[in-house]
Amino acid sequence: MGLLYSNYEANPITNNNISVNAVSGTLSKTFRKSYFITCEFGSTLAKGIFNKEKPNLAYKDSYYVQHKGTEIVVLQTMLCGENRILAEVINKTDYDEMFEKLGDK
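All values derive from a computational prediction rather than experimental measurement.

Student: When you look at the confidence of the model for the chain in this model, what are you seeing that I'm missing?
Tutor: Low pLDDT means the predicted atomic positions in that stretch should not be read closely. The share of residues in the chain with pLDDT of 70 or more is 64%, and the mean pLDDT across the chain is 75. Per-element confidence in the chain ranges from a low mean pLDDT of 48 for helix α1 (residues 3–10) to a high of 91 for strand β3 (residues 84–91). Note on residues 1–8: pLDDT is under 50 here. Beyond four places in sequence and across chains, it has 1 contact.

What follows is the structure in structure tokens.
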């Protein structure tokens, strides 16, 4: 048996200093057509998402190229780590359509 294992058996209650860089909350999916995006703070995508006038997907990555310029509604955001952002978004057309249906009832 190694030294670490035998020490653990001899003293199962230890004073470990564990540093965890975690978020203090949970994001859960709000709407059926919403989706999550992650990006670095200050990136082109982040600037598009947090555009005050017209939030959009301004990104050059191959996945988002087909959606480039799509207007979105930001539902929730969370800062993860030092400079990563996790955002729940929905396309503006889907968001508006959902509330139009509610107005018809």
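Student: Help me understand the pairing of β3 in this model?
Tutor: In regular strands, side chains alternate between the two faces of the sheet. The element β3 is extensively covered by neighbouring structure, given that 6 of its 8 residues are classed as buried. Relative to β3, strand β1 (residues 35–40) is paired through 6 bridges, and the arrangement is antiparallel. Opposite I37, over in β3, you have A87 as the bridge partner. Where strand β2 (residues 72–80) and β3 come together, 8 bridges link them in antiparallel fashion. Following the sheet pairing, L79 is matched in β3 by I85. Counting the residues in the hairpin turn of β2 and β3 gives 3 residues, including G81, whose phi is positive at 75°.

Student: Please explain the sheet that holds β2 as it appears in this structure.
Tutor: Paired through their backbone hydrogen bonds, the strands of a sheet run either parallel or antiparallel. Taken together, 3 strands build an open sheet; the order of strands is β1-β3-β2 and the sheet is antiparallel. Of all strands in the sheet, those bounded by a partner on one side alone are β1 and β2. On average, each strand axis in the sheet is inclined to that of its neighbour by 25°, with strand direction left out of account.

The rules behind each value
Sequence order as written defines the numbering, with residues in each chain counted from 1. Owing to the predicted nature of the model, reporting of local features is limited to residues with pLDDT of at least 70; listing and counting of side-chain atom pairs is limited to 80 or more, with chain, interface and lining totals taken over all residues. Values reported for side chains reflect all heavy atoms of the structure, with hydrogen atoms and water molecules removed beforehand. pLDDT measures how confident the predictor is about each residue, on a scale from 0 to 100. Helical segments are the DSSP runs of H or I of at least four residues, strand segments are the runs of E of at least two, and each set is numbered from the N terminus. Here, residues are in contact when the closest pair of their heavy atoms is within 4.5 Å. Each residue gets one of three labels from its accessible area relative to the maximum for its type: buried under 20%, exposed over 50%, partly exposed in between, using a 1.4 Å probe on protein chains only. Should DSSP find at least two bridges between two strands, the strands are regarded as paired. Every axis corresponds to a line fitted to the C-alpha atoms, with the helix fit spanning only the stretch in contact, and the corresponding angles, defined between N-to-C directions, vary from 0 to 180 degrees.

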